[in-house]
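# Report on the structure
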Amino acid sequence: MAFYLKDERITNLTVDIKSIENITLAFIDRLNSLNIGENADDKSPKKGLLNFIIRFDNKGYRVFSFAELKNYYGQAKDIERIFFTIETGESIRSNRNTGTYLELRLDKNDVNNCFLTVTSDNKDWVDASFSAVQEVVHKYKNRNGYVRTAWTPFVIQILGVVLGFTVCLWFSLKLAPLFNFENPFIITFLFFLLLYSNILAFLNSQLLRLINNLFPNIRFVREDKERIHWLVRTMVGSSIFGIIIYLLSLLQNFIVDFVKSLLNIGS
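Computed from a predicted structure; not experimentally measured.

Reading guide: rules and limits
- Residues numbered from 1 in each chain as written.
- Predicted model: local features only at pLDDT ≥ 70, side-chain atom pairs only at ≥ 80, totals over all residues.
- Heavy atoms only, no water.
- Salt bridge = Lys/Arg side-chain N within 4 Å of Asp/Glu carboxyl O.
- Helix = DSSP H or I, 4+ residues; strand = E, 2+ residues; numbered from the N terminus.
- Buried < 20%, exposed > 50% of the residue type's maximum accessible area, 1.4 Å probe, protein only.
- Phe/Tyr/Trp six-rings, centres within 6.5 Å; stacked < 30°, edge-to-face > 60°.
- Lys NZ or Arg CZ within 6 Å of the ring centre and 35° of its normal.

## Quick word on the pattern of salt bridges
With the rule as written, the count across this model stands at eleven salt bridges. Asp-78 serves as the salt-bridge partner of Lys-108, at 2.4 Å between the closest nitrogen and oxygen. Of this pair, Lys-108 sits in the loop between strand 6 (101-107) and strand 7 (115-120) while Asp-78 sits in the loop between helix 2 (66-75) and strand 5 (79-88), and the two are 30 residues apart along the sequence. The class for Lys-108 is partly exposed, based on a relative accessible area of 22%. Given a relative accessible area of 35%, Asp-78 falls into the partly exposed group. Shared partners join several salt bridges into a network, and the residues in it are Glu-87, Arg-96, Glu-103 and Arg-105.

## Some words on the packing of aromatic side chains
How two aromatic rings sit relative to each other is given by the distance of their centres and the angle of their planes. Enumeration according to the criterion identifies nine aromatic pairs in this entry. Where Phe-56 meets Tyr-72, the ring centres are 5.8 Å apart and the plane angle is 40°; that geometry is what we call tilted. With Phe-56 in strand 3 (residues 48-56) and Tyr-72 in helix 2, the pair connects residues that are 16 residues apart, well separated along the chain. We note that Phe-56, like Tyr-72, is buried. Their ring planes at 85° and their centres at 5.4 Å tell us that Phe-165 and Phe-189 sit as a pair that is edge-to-face. Highlighted residues: Phe-165 in helix 5 (residues 151-175) and Phe-189 in helix 6 (residues 184-214), separated in sequence by 24 residues. By relative accessible area, which is 39% here, Phe-165 ends up partly exposed. A residue is classified by how much of its surface remains accessible, and Phe-189, at 12% relative accessible area, is buried. Cluster of aromatic residues (ring-pair linked, three or more members): Phe-27, Phe-52 and Phe-84. It is Arg-222 that lies over the ring of Tyr-73; its NZ or CZ is 5.9 Å from the centre.

Just geometry here; none of it tells us what the structure is for.
Given below as structure tokens:
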């Protein structure tokens, strides 16, 4: 590892071809700054090289120009990750144990693989490179962080428990009069509650997965597919809202029926 290092986790970005171009320009600027003077010699181990890695549709490619990157970006159906990297011969040969490198990792599927990292023996170059790329990247922040919080799984779990408990009570109240055995309400309620508790774990994981797909940490955008994405988000949002309204109506009916049953018992 070189003497100086800076890194930062990258979160909540919307990336399109224009932002990729601007990030590339920032990397080219830092590459030119690195390759001044003695580093300009092609044989120098300190000479920097710029490359990109793009993975899409279960295939990965390493390219060395923005034009190639743009071409792959346009033809992809599902972009998984894009890496921007400046490396020197020294860092490559030492497996990055020594030498200079600057890297930005944008991974849609793995939030732990989204980092901006820069290291070098030149402190000024580290500071300038980190600030330059960070400034560009932060321009493309989105609001997905409001959904992707540590509280989201907790809120989903609590809402699932409350709504599930309500539905179980409602079904039990409706079905209990149909049975002739002792304590039908308690038995039917326990049955539905046990059934729902097993369903909840599956529904919870699927809902979290859906939220992660609709509000990813890194969202790669292309104009031809953006309308479809927003249409899906609108349809899902409307469906969830409709389900919540329906469940709330069930809760209201349950409360009314429950109060009526208490009044009948009292009378």
